[in-house]
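Chain by chain, the residues run as shown.
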Amino acid sequence: MKVDKVIAPAQSILPLQLRAVGYSVGKTRLLDGIDLTVRAGKRLVVMGPNGAGKSLLLRLCHGLIAPTSGSVSWQTQDPRPAAQAMVLQRPVVLRRSVRANLDYPLALAGYARAARDEMVQKTLARFGLIALAERPARLLSGGEQQRLALARAWALRPQVLFLDEPSAALDPSATRAIEDLIGQFSAEGITIVMTSHDLFQARRLAQDIAFLHRGRLIEHGPAAQFFDAPQTPQARDFLGGALIW
Amino acid sequence: MDGPFLIALGLIASGDPALTDIIALSLKVTLTAVSIGCLIGLPLGAGLALAQFPCRGAIVVAFNALMGLPPVVAGLLVYLMLSRSGPLGDLALLFTPTAMVIAQAILILPIVISLTRSVVEDLWAEYREQLRSLGAGRLRAVPTLLWDGRVSLVTGILAGFGRASAEVGAVLIVGGNIAGHTRTMTTAITLETSRGSLGLAVALGIILLLITLSLNAAAWGLAQSARGRLG
Ligand SMILES: Nc1ncnc2c1ncn2[C@@H]1O[C@H](COP(=O)(O)OP(=O)(O)O)[C@@H](O)[C@H]1O
Ligand SMILES: [Mg+2]
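So, how was this worked out
- Residues numbered from 1 in each chain as written.
- Chains lettered and ligands numbered in written order.
- Predicted model: local features only at pLDDT ≥ 70, side-chain atom pairs only at ≥ 80, totals over all residues.
- Heavy atoms only, no water.
- Helix = DSSP H or I, 4+ residues; strand = E, 2+ residues; numbered from the N terminus.
- Rg over C-alpha atoms; globule rule 2.2 N^0.38 Å.
- Buried < 20%, exposed > 50% of the residue type's maximum accessible area, 1.4 Å probe, protein only.
- Contact = heavy atoms within 4.5 Å.
- Areas by Shrake-Rupley, 256 points an atom, 1.4 Å probe, with all protein chains shown as cover.
- Lys, Arg positive; Asp, Glu negative; His and termini not counted.
- Charge placed at Lys NZ, Arg CZ, Asp CG, Glu CD.
- Core = buried A, V, L, I, M, F, W, Y, C linked by side-chain atoms within 4.5 Å.
- Domains from an automatic or database assignment.
- Pairing = 2+ DSSP bridges.
- Axes fitted to C-alpha atoms, helices over the stretch in contact; angles between N-to-C directions.
- UniProt positions renumbered as here; feature names shortened; annotations may be inferred.
- Buried area = accessible area lost by both parts, 1.4 Å probe.
- Salt bridge = Lys/Arg side-chain N within 4 Å of Asp/Glu carboxyl O.
- Expected span 1.5 Å × (residues − 1).
- Arc of directions from axis to C-beta.
- Phe/Tyr/Trp six-rings, centres within 6.5 Å; stacked < 30°, edge-to-face > 60°.
- Parallel < 35°, antiparallel > 145°, perpendicular 65-115°, else oblique.
- Left-handed = near helix turned anticlockwise from the far one by under 90°.

Can you break down the overall build of chain A residue by residue, with the values?
Tallying secondary structure elements over chain A gives 8 helices and 9 strands in all. A compact globule built from 245 residues would reach a C-alpha radius of gyration of about 18 Å, and chain A, at 18 Å, matches this within 12%. Across the 245 residues that make up chain A, the buried fraction comes to 51%. Of the contacts made within chain A by residues no fewer than 6 positions apart, 68% connect residues no fewer than 24 positions apart. In the form shown here, chain A has an accessible surface area of approximately 11,300 Å², with 52% of it arising from carbon and sulfur atoms. Charge-centre separation for chain A: the mean point of 30 positive side chains lies 4 Å from the mean point of 20 negative side chains.

See the structure below:
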């Protein structure tokens, strides 16, 4: 079988560089002094207790919020390149059919009707959504909606995909399906940056780990090293299950 | 002599031309007014929901208050505008169906604007980050939000249609209740009742009730089926 390769990008938007990034609301510093480089081709899992700032970090990278200090810069110097997509922690599917949900961002991106129809059809097939194509997206199960959210992001042909807790509210079999898809995306050459609070999931998926604690990035490196020999007491507590908040 | 109910049923059953003409004009006026109200009110309401500018709050409150504008006051305002000595007197629109359309559109517009603003505002809170992530800015979000709020919007617009078609004060003042020209169901009922000719009044009353009933049935059915179909 011929593998459907992602169209080779004209120019890589990666690496993504965060330099001394801070994010404050009022006087509260929610993220502080974050230096992070996202390299092409890796699966990076951002870990940390609840409220550590994982979602904020991904939204900053994706360009949904702007840092209040420091800089977020892409290789192309584009402030917000198109070749990146995100699945939000609580993705919103539009009150339309599954097909229309997939078509929507492609229409925004300016693809012509015929090209869109072909891309949507391919995406439906790729994600096992053909039987659901005409169903109202809001009536899908949680697992199906999450699959649609992933499909919608994938259809944009991103070089990097940000996934915020992609399987947080799902049962084990749906979680398994999502993890399989993430593995396939990665094999297709899409860079993955995801958050997870699930240690087992992180072990299964991560090549690199970034560990956030109270808005600071206190560990960053290969996953094996993080799990076998965490450098900070916070990470040790977290891995031992003692640090949840 | 037959009672007014029998006469009314007779008129309805025979499709009396005086009756059908009045119904047709009423529906035409209200439908046109609702269409104009939607054409202006939907984008304006959505814009009000998404825009950020000073005194936005005051404008929101003003449109909410205007929903309760007494129809006679709206009629009076349009009368002053269109009367011979008014600023638009040269158009000679007073006592025409157009004048009635204008008056009703003024009554419906605040309803559509306020309804749209509240529906779109709620959706925007939910959709904002997602739409931005998918590449839609504020302006491009407007049609998206209107479409995704379509069920609530249509339900509200049907209610606005009901209010306009049941209204008598404004159309009486600016239309003048001229037979065969500006006589609507509500103005005819007023006149025929005061003349003691109750048959036609009751016939029109029945039709008006049926219209209100079917509008409400349509709104209810739409909401029900949308819940099943759209989630
Ligand atoms: N707009 C905001 N205003 C105030 N506090 C916020 C805002 N957004 C997030 N926070 C706070 O920032 C912290 C980090 O949030 P988040 O990134 O969602 O955490 P998590 O690591 O669980 O994803 C939380 O304590 C949250 O309450
Ligand atoms: Mg989060």
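Report on the nonpolar core, specifying residues and quantitative values.
By size, the foremost hydrophobic cluster in this structure holds 46 residues, and its most contacted members are Met47, Phe185 and Ile209 of chain A. Sort the elements by how many residues they give to this core and helix 4 (residues 142–154) of chain A lands first, with 6 residues. A domain-level breakdown of this core finds at least three residues from each of domain 1 (16–92 + 158–233) and domain 2 (94–139) of chain A. Among residues more than four places away in sequence, those in contact with Phe185 of chain A are Arg126, Phe127, Leu150, Trp154, Leu161, Ile190 and Ile192 of chain A. With 41 residues, the next largest nonpolar core counts Ala8, Ile157, Ile189 and Leu208 of chain B among its residues.

Quick one: what's the story with the sheet that holds strand 3 (residues 43–47) of chain A, residue by residue and with numbers?
All names here are of chain A. Read across the open sheet, the 6 strands follow the order 5-6-7-3-8-9; overall the sheet is mixed. If you trace the sheet from one side to the other, it starts and ends with strand 5 (84–87) and strand 9 (216–222), each paired once. Averaged over all adjacent pairs, the angle separating strand axes in this sheet is 15°, with direction ignored. Across the sheet, helix 4 is in contact with strand 5 and strand 6 (160–164); its angle to strand 5 comes to roughly 170°.

So what's going on with the UniProt feature "transmembrane region" (unreviewed entry) in chain B? Which residues, and what values?
Residue and element names in this part refer to chain B. Under the UniProt annotation, "transmembrane region" (unreviewed entry) lies at residues 30–51, 58–82, 94–115 and 198–223. Between the end C-alpha atoms of residues 30–51 the distance is 30 Å, and the span holds 95% helix and 0% strand. What you have in residues 94–115 is 86% helix and 0% strand, and the ends, taken at the C-alpha atoms, are 30 Å apart.

Go over the UniProt feature "domain: ABC transmembrane type-1" (unreviewed entry) in chain B, please, and point to the residues and values.
Cross-referencing UniProt, the feature "domain: ABC transmembrane type-1" (unreviewed entry) maps to residues 23–219 of chain B in the present numbering. Helix and strand shares over residues 23–219 of chain B are 80% and 0% respectively, and the end C-alpha atoms of the span are 21 Å apart.

Please set out the domain arrangement of chain A residue by residue, giving values where relevant.
Residues and elements named next belong to chain A. Under the domain assignment used here, chain A contains domain 1 (16–92 + 158–233) and domain 2 (94–139). The centre of domain 1, based on its C-alpha atoms, is set 27 Å off from the matching centre of domain 2. Across the domain 1/domain 2 interface, buried area totals approximately 350 Å², and carbon plus sulfur atoms make up 49% of it. Contact with domain 2 buries area across many residues of domain 1, yet Val92, Leu181 and Phe185 alone supply 76% of it, more than any other trio. For the interface between domain 1 and domain 2, the tally reads 1 salt bridge.

Pulling in residues and values, what's your account of helix 5 (residues 172–187) of chain A?
All names here are of chain A. The terminal C-alpha atoms of helix 5 lie 22 Å apart, and with 16 residues this matches the ideal 22 Å at 1.5 Å per residue to within 8%. Where helix 5 is concerned, the buried positions are Ala174, Thr175, Ile178, Glu179, Leu181, Ile182, Phe185 and Ser186. Mapping the buried residues of helix 5 onto a view down its axis gives an arc of 160°, with all of them on the same face. Exposed and oriented more than 90 degrees from the buried face of helix 5 are Pro172, Ser173, Arg176 and Ala187. Packing partners of the buried residues in helix 5 comprise strand 3, helix 3 (113–126), helix 4, strand 6, strand 7 (191–195) and helix 6 (199–205). Just downstream of helix 5 lies Gly189, where phi reads positive at about 100°.

Describe unusual backbone geometry, listing the residues and the values that go with them.
With omega at 0°, the peptide bond leading from Leu14 of chain A into Pro15 of chain A counts as cis. Here Pro15 of chain A shows up in the segment before strand 1 (16–25). Residues other than glycine seldom take positive phi values, yet Gln77 of chain A does so here, at roughly 70°. Here Gln77 of chain A lies in the loop between strand 4 (69–74) and strand 5. Using a relative accessible area of 63% as the deciding quantity, one classes Gln77 of chain A as exposed. With phi around 55°, Asn177 of chain B is a residue other than glycine that occupies positive phi space. The residue Asn177 of chain B is located in the loop between helix 8 (169–175) and helix 9 (185–195) in this model. Overall, Asn177 of chain B belongs to the buried group, its relative accessible area being 10%.

Outline the packing of aromatic side chains, listing residues and values.
Residues and elements named next belong to chain A. Applying the stated criterion across every chain yields a total of 7 aromatic pairs over all chains. Seen from their ring centres, Trp74 and Phe162 are 6.4 Å apart, and the 70° between their planes marks the pair as edge-to-face. Taken together, the positions of Trp74 in strand 4 and Phe162 in strand 6 put the pair 88 residues apart, joining distant regions of the chain. There is no split in this pair, since Trp74 and Phe162 are both buried.

So what's going on with the packing of helix 2 (residues 98–108) of chain A against helix 3 of chain A? Which residues, and what values?
Residue and element names in this part refer to chain A. For the pair helix 2 and helix 3, interaxial distance at closest approach is 10 Å and the crossing angle is 130°. One finds that helix 2 runs oblique with respect to helix 3. As helix 2 runs across helix 3, the sense of the crossing is right-handed. On helix 3, the residues that touch Val98, Arg99, Leu102, Asp103, Leu106 and Ala107 of helix 2 are Arg116, Met119, Val120, Gln121, Thr123 and Leu124.

Residue-level account of the environment of Leu88 of chain B, with values.
With respect to the element layout, Leu88 of chain B can be found in the loop between helix 4 (71–82) and helix 5 (97–134). Linking Leu88 of chain B and Arg117 of chain B, residues 29 residues apart in sequence, is a C-alpha distance of 30 Å.

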